Amino acid sequence: MSQTALITGGQRGIGRAIATALHSAGFQIALIAEVASNDPDVNETMSKLPGARYYTQDLRQTDSLGGLLDRIEGDLGPLTTLISNAGVPAPVRGDLLDVTPENYDFTQAINARAGFFLAQNVARRMLARDTDGYRALCFVTSVSAEMVSVERGDYCISKSAAAMTAQLFAARLAGDGIGVFDIRPGIIDTPMTAGVRDAYTVRIEDGLVPARRWGQPDDIGSTILPLVTGQMAFATGAVIPVDGGLSIRRL
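Residues numbered from 1 in each chain as written. Predicted model: local features only at pLDDT ≥ 70, side-chain atom pairs only at ≥ 80, totals over all residues. Heavy atoms only, no water.

With that settled, consider the overall build of the chain. A tally of helices and strands in the chain yields 7 helices and 7 strands. Here the C-alpha atoms of the chain give a radius of gyration of 17 Å, agreeing with the 18 Å that 2.2 N^0.38 yields for 251 residues. Within the span of the chain, comprising 251 residues, buried residues form 49% of the whole. Taking contacts inside the chain between residues at least 6 apart in sequence as the whole, the part at least 24 apart equals 71%. For the chain, the accessible surface area stands at approximately 11800 Å², while carbon and sulfur atoms represent 53% of it. On the chain, the mean spot of the 22 positive side-chain charges and the mean spot of the 27 negative ones are 3 Å from each other. (Helix = DSSP H or I, 4+ residues; strand = E, 2+ residues; numbered from the N terminus. Rg over C-alpha atoms; globule rule 2.2 N^0.38 Å. Buried < 20%, exposed > 50% of the residue type's maximum accessible area, 1.4 Å probe, protein only. Contact = heavy atoms within 4.5 Å. Areas by Shrake-Rupley, 256 points an atom, 1.4 Å probe, with all protein chains shown as cover. Lys, Arg positive; Asp, Glu negative; His and termini not counted. Charge placed at Lys NZ, Arg CZ, Asp CG, Glu CD.)

Structure follows, in structure tokens:
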């Protein structure tokens, strides 16, 4: 059976690296993002992934997920893999006491709520059909699911919710042979971190990250592949930090 992966936020950064890794392994690729199909990032990504399909969708609009998945499966066949990667940073970095309800709701809606309901829809489809191939859901969360950054509390809370979503789906789907994993990137060199590059570079060089380098999107892409091909099937529910040792507890 051919393997078809749906990757959210796949037009750049970590999502692009994951898409590239899976495409190279023979997966059919569907990418979803909110930006238009003529966006420069989308054009660059699609030029590198022959045969991939791109779909513009605001994942917060949960009522339209069924129709979206119908289109994707009509184009590429049944989904075997979901990479829930789309996410946004804290709209404003600052004092925890100044977080607004609007910013809190914004991060929750994209980083937690949208991923939950997309996974729910995909899982229902997987369970509704017989298959002899491996199926997997991967949630790209963050070390911030556990590591506290008081200047972006709304983001940390949203990623903690996404991490619990991964645990819940892992427990629910284990008996059906569907693997679920929580991948937690650390400080990764992407457009999302461009604004804090100088500040973090100094701290990384001073030992904040034991590996003493920025993480690269390809570090995530290479980690995903064994998870979605069944090589770690009995490790379902695993939390996998990809952070150069950042989250190791140290004295």
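Quick look at the nonpolar core now. Counting residues in hydrophobic clusters, the biggest one holds 28 residues, and the most contacted among them are Ile18, Leu22, Ile29, Ile83 and Ile224. Contributions of two or more residues to this core are made by β1 (4-8), α1 (13-24), β2 (28-33), β5 (135-140), β6 (178-185), α7 (217-228) and β7 (239-242). Other than its neighbours up to four places away in sequence, Ile224 contacts Ile18, Leu22, Ile83, Cys138 and Ile183. Counting residues in hydrophobic clusters, the runner-up holds 26 residues, among them Tyr55, Leu82, Ala123 and Leu137. (Core = buried A, V, L, I, M, F, W, Y, C linked by side-chain atoms within 4.5 Å.)

Turning our eyes to something else, we now look at α7. Look at α7: 17 Å from first C-alpha to last across 12 residues, which is about the 16 Å you get at 1.5 Å a residue. For α7, the complete set of buried residues consists of Pro217, Ile220, Gly221, Thr223, Ile224, Leu227 and Val228. Where α7 is buried, its residues contact α1, β4 (81-84), β5, β6 and β7. The first or second residue beyond α7 is Gly230, which carries a positive phi of 90°. (Expected span 1.5 Å × (residues − 1).)

Let us now look at unusual backbone geometry. Within the chain, Arg212 stands out as a residue other than glycine whose phi angle is a positive 55°. Locating Arg212 in the fold gives a position in the loop between α6 (197-205) and α7.

With that settled, consider the packing of aromatic side chains. For the structure on display, the rule yields 4 aromatic pairs. Counting every residue linked through ring pairs, the aromatic cluster contains Phe116, Phe117, Phe139 and Phe169. Above the plane of the ring of Trp214 lies Arg197, whose end atom (NZ or CZ) is 4.6 Å from the centre. (Phe/Tyr/Trp six-rings, centres within 6.5 Å; stacked < 30°, edge-to-face > 60°. Lys NZ or Arg CZ within 6 Å of the ring centre and 35° of its normal.)

The subject of this paragraph is the pairing of β7. The alternating pattern of β7 places Ile240 and Val242 on a buried face and Val239 and Pro241 on a face that is not buried. Where β6 and β7 come together, 4 bridges link them in parallel fashion. Across the sheet, residue Pro185 finds its bridge partner in β7, namely Val242. (Pairing = 2+ DSSP bridges.)

Its place among the elements puts Thr8 in strand β1. Contact partners of Thr8, with chain neighbours within four places excluded, come to Ile32, Leu59, Ile83, Ser84, Asn85, Ala86 and Leu118.

Note on sheets: strands pair through backbone hydrogen bonds, and any given pair is parallel or antiparallel. In space, the 7 strands of this open sheet follow the order β3-β2-β1-β4-β5-β6-β7, with parallel pairing throughout. Two strands close off the open sheet at either side, each with one partner strand: β3 (53-56) and β7. Averaged over all adjacent pairs, the angle separating strand axes in this sheet is 20°, with direction ignored. Relative to β2, β1 is paired through 5 bridges, and the arrangement is parallel. Bridge assignment links Thr4 to a residue of β2, and that residue is Gln28. Of the strands in this sheet, β5, β6 and β7 touch helix α5 (residues 153-173), which is tilted by about 160° from β6. (Axes fitted to C-alpha atoms, helices over the stretch in contact; angles between N-to-C directions.)

With that settled, the discussion passes to the pattern of salt bridges. Close approach of charged atoms allows side chains with opposite charge to pair. Applying the stated rule across the entire model yields 15 salt bridges. Residues Glu44 and Lys48 are paired through a salt bridge, measuring 3.3 Å at the closest nitrogen-oxygen approach. Relative accessible area serves as the criterion here: at 35%, Glu44 is assigned to the partly exposed category. Taking relative accessible area as the criterion, Lys48 reaches 49% and is therefore assigned partly exposed. As a salt-bridge pair, Arg53 and Asp75 come within 3.2 Å of each other at their nearest N and O atoms. Of the two residues, Arg53 is situated in strand β3 and Asp75 in helix α3 (residues 65-76); the sequence distance between them amounts to 22 residues. (Salt bridge = Lys/Arg side-chain N within 4 Å of Asp/Glu carboxyl O.)

As far as function goes, none of this settles anything; it's purely spatial.
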